[in-house]
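So the chains spell out like this:
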Amino acid sequence: MGMSGMWSNVRTRLGWLAIGSALFSGMIAGIFIPQVTAQAQDAEPQTYTVLAGGADVFNTAVLAFAPQSLKVHRGDTVQWLISGFHNIHFAETPTELIIAPEVNGQPLPQMNPAVAFPNIENGGVFQGGDANSGIGLDPTNPTVTFSLVMDVEPGTYTYVCDIHPGMVATITVVDDATAIPAPAEVLATGAAEQAMNAGTGVQAAVKAAMQPPSGAENGEQQVKAGLQPGVAAVLQFFPSISVIEAGQSVTWSVPPGMEPHTVTWPPPPPGSDFTLIPQDAGNPILALGEAAFPSAESGAEIGTGDNFNSGIMMPGQSYTLKFTEPGVYNYICFLHPGMQGAVVVMPSS
Ligand SMILES: [Cu+2]
């Protein structure tokens, strides 16, 4: 695979360019699920579908597996429809996404290979233990579905998305004699859960978008970098346009939640967010590139024509810039296509 192709793919996935699915259309309206209990212990193994993220509406993504809990019989297949940047990892807790092992005496921040690369193949047989789908980096064959045959002892198995700690769900393998809902019913339940979560997210996004900008207080304009209503992530800045005076500041804050963001201008060149370091044997190292780190300290002064980049801000972090000259300063979050804003700096009065 081409390096640039790989990286644009990584960016796309990091950027939540959700893969649309007809499944999700009309979900916001809500779906009524009749409580039909299916009989089970079918002779034939069944295939159950789980939605992994999705419902990208008004730059709002749902960070959840749906349905949250699924029952299957031993030998049934579970298929995940992956929308956005997620992995499916059978483990009780998420694996650390970014690690920094020493390489030649220097820490090398990188995506954890235990997250990035699969340790079980798509379509493989889950027999318990640690099983990870990886994040599907091959642009010629993007992972939009992942499936496993659940050939494992009855019991409840937890899986997580390592990219979005908090995205967690279970599969319970039941005794052959136990009746469980049929695949169509499970899919409808998942779609309804997804719609509830998307609705909560979009309502919050619309409300925030309609709020008039507060204006700078004590010389500082506050901007929310994203919102996290429930398990939905709103990938927008609020307010998206700040109007301040020269000499005033803007502080961007990432709310607690699951999504990191950046405040960046201009867009980083390809390959500067992640850098591929091929290895003689085994998987390449997915090293964090220059753009993942701040180009200027928080609190730096910015004038006409200056570049700026917060680097990757994790939930709970914030970043401040002081704008010294009148002008229009556009910016983006390079992790999330379509997440953009501007600071209009008027002459000081
Ligand atoms: Cu973002």
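Remember, it's a predicted structure, so these values are computed and weren't measured experimentally.

Reading the values: the criteria
- Residues numbered from 1 in each chain as written.
- Predicted model: local features only at pLDDT ≥ 70, side-chain atom pairs only at ≥ 80, totals over all residues.
- Heavy atoms only, no water.
- Helix = DSSP H or I, 4+ residues; strand = E, 2+ residues; numbered from the N terminus.
- Buried < 20%, exposed > 50% of the residue type's maximum accessible area, 1.4 Å probe, protein only.
- Contact = heavy atoms within 4.5 Å.
- Areas by Shrake-Rupley, 256 points an atom, 1.4 Å probe, with all protein chains shown as cover.
- Pairing = 2+ DSSP bridges.
- Donors = N, O, S within 2.8 Å, 3.2 Å for Na, K, Ca; no water.
- Tetrahedral: all angles 85-135°; square planar, octahedral: opposite > 155°, others 65-115°.
- Salt bridge = Lys/Arg side-chain N within 4 Å of Asp/Glu carboxyl O.
- 1 Å grid on protein atoms, 1.4 Å probe; cavity = no way out; pocket = protein on both sides within 12 Å on 5 of 7 lines; lining within 4 Å.
- Points joined across faces, edges and corners; volume = space filled by probe spheres on them.
- Nonpolar A, V, L, I, M, F, W, Y, C, P; charged D, E, K, R; others polar.
- pLDDT = per-residue confidence, 0-100.
- Core = buried A, V, L, I, M, F, W, Y, C linked by side-chain atoms within 4.5 Å.
- Domains from an automatic or database assignment.
- Phe/Tyr/Trp six-rings, centres within 6.5 Å; stacked < 30°, edge-to-face > 60°.

A. Highlighting the overall build of the protein. Summing up its helical and strand segments, the protein has 3 helices and 26 strands in all. A total of 349 residues make up the protein; the buried ones form 48% of that total. Long-range contacts, defined as pairs at least 24 residues apart, comprise 70% of the intrachain contacts of the protein with a sequence gap of at least 6. A total accessible area of about 15,800 Å² is found for the protein, and carbon and sulfur atoms account for 55% of it.

B. Main features of the environment of Val152. Here Val152 lies in the loop between β12 (145-150) and β13 (155-160). Overall, the relative accessible area of 5% leaves Val152 in the buried class. If sequence neighbours within four positions are ignored, Val152 has contacts with Arg74, Phe126, Gln127, Gly128, Tyr157 and Val173.

C. Looking closely at the pairing of strand β14 (residues 168-174). Most of β14 is tucked away: 5 of the 7 residues are buried. Strand direction decides the pairing type here: strand β3 (residues 69-73) and β14, joined by 5 bridges, are parallel. Bridge pairing in β14 places Ser69 opposite Thr170. In the sheet, β13 pairs with β14 via 6 bridges, with the strands oriented antiparallel. Looking at β14, one finds that Thr156 is bridged to Thr172.

D. Highlighting the environment of Ala52. Along the chain, Ala52 turns up in strand β1 (residues 47-57). Residue class for Ala52 comes out buried when judged on its relative accessible area of 0%. The spacing of Ala52 and Phe146 is 94 residues in sequence and 9.8 Å in space, taken between C-alpha atoms. Sequence-distant contacts of Ala52, defined by excluding residues within four places in its chain, comprise Ala64, Phe65, Trp80, Leu81, Ile82, Ser83, His86 and Met167.

E. Main features of the sheet that holds β3. Here 5 strands make up an open sheet; going across it, the order is β3-β14-β13-β5-β11 and the pairing mixed. One side of each edge strand has no neighbouring strand; the edge strands of this open sheet are β3 and β11 (131-132).

F. A look at the coordination of the copper ion. Surrounding the copper ion are the protein donor atoms His261 (ND1), Cys333 (SG), His336 (ND1) and Met339 (SD), which sit 1.9 to 2.6 Å from the metal. Coordination at the copper ion comes from 4 donor atoms whose angles at the metal span 89 to 133 degrees, giving a geometry best classed as tetrahedral. In primary-sequence terms, the residues that donate to the copper ion follow H-x71-C-x2-H-x2-M. One end of the pair, His261, is in the loop between β18 (249-253) and β19 (264-265); the other, Met339, is in the loop between β25 (327-332) and β26 (340-346), and 78 residues separate them in sequence. For the pair formed by His261 and Met339, the shared burial category is buried.

G. Quick peek at the pattern of salt bridges. Evaluation of the coordinates by the stated rule reveals 2 salt bridges. For Asp151, the salt bridge goes to Arg74, with nearest N and O atoms at 2.9 Å. Within this pair, whereas Asp151 is found in the loop between β12 and β13, its partner Arg74 is found in the loop between β3 and β4 (77-82), the two being separated by 77 residues in sequence. Judged by relative accessible area, which is 38%, Arg74 ranks as partly exposed. A salt bridge links Glu153 to Arg74, with the nearest nitrogen and oxygen atoms 3.4 Å apart. Of this pair, Glu153 sits in the loop between β12 and β13 while Arg74 is found in the loop between β3 and β4, placing the two residues 79 residues apart along the sequence. Bridged by salt links that share partners, the residues Arg74, Asp151 and Glu153 form one connected network.

H. Representation of empty space enclosed by the protein. Counting across every chain of the model gives 1 cavity of 30 Å³ or more. Estimates place the volume of the largest cavity at around 40 Å³. As for the largest cavity, its lining consists of Ala225, Gly226, Leu227, Gln228, Val254, Pro255, Gly257, Met258, Glu259 and His261. Classifying every residue of the lining of the largest cavity by side-chain character gives 5 nonpolar, 4 polar and 1 charged.

I. Geometry of the confidence of the model for the protein. Residues at a pLDDT of 70 or more form 86% of the protein, whose mean pLDDT is 87. Taken as a whole, residues 1-36 scores under 50 in pLDDT and shows 82 contacts with residues more than four places along the chain or in a different chain.

J. Here's a closer look at the nonpolar core. Ranked by internal contacts, the top residues of the largest apolar core, which has 72 residues, are Phe65, Trp80, Phe90, Trp252 and Phe323. Of all the elements, β14 adds the most residues to this core, at 4 residues. If you count residues domain by domain, this core takes at least three from each of domain 1 (3-203) and domain 2 (213-346). For Trp80, the residues in contact, after removing those within four places along its chain, are Val50, Ala52, Phe65, Ile88, Phe90, Val144, Thr145, Phe146, Ser147, Leu148, Tyr159 and Ile171.

K. Examining the sheet that holds strand β10 (residues 125-126) more closely. Read across the sheet, 10 strands follow the order β10-β12-β4-β1-β2-β16-β15-β18-β24-β22 without closing on themselves; strand pairing throughout is mixed. With partners counted over all chains shown, the strands left at the sheet margins are β10 and β22 (300-302), one partner each.

L. Expanded view of the packing of aromatic side chains. The tally for this structure, following the rule as stated, stands at 11 aromatic pairs. Seen in terms of ring centroids, Trp80 and Tyr159 are 5.4 Å apart; in terms of plane orientation they differ by 80 degrees. Their pairing is edge-to-face. Placement of Trp80 in strand β4 and of Tyr159 in strand β13 is noted, with a sequence separation of 79 residues between them. Ring pairs connect the aromatic residues Phe65, Trp80, Phe90, Phe126, Phe146, Tyr157 and Tyr159, which therefore count as one cluster.

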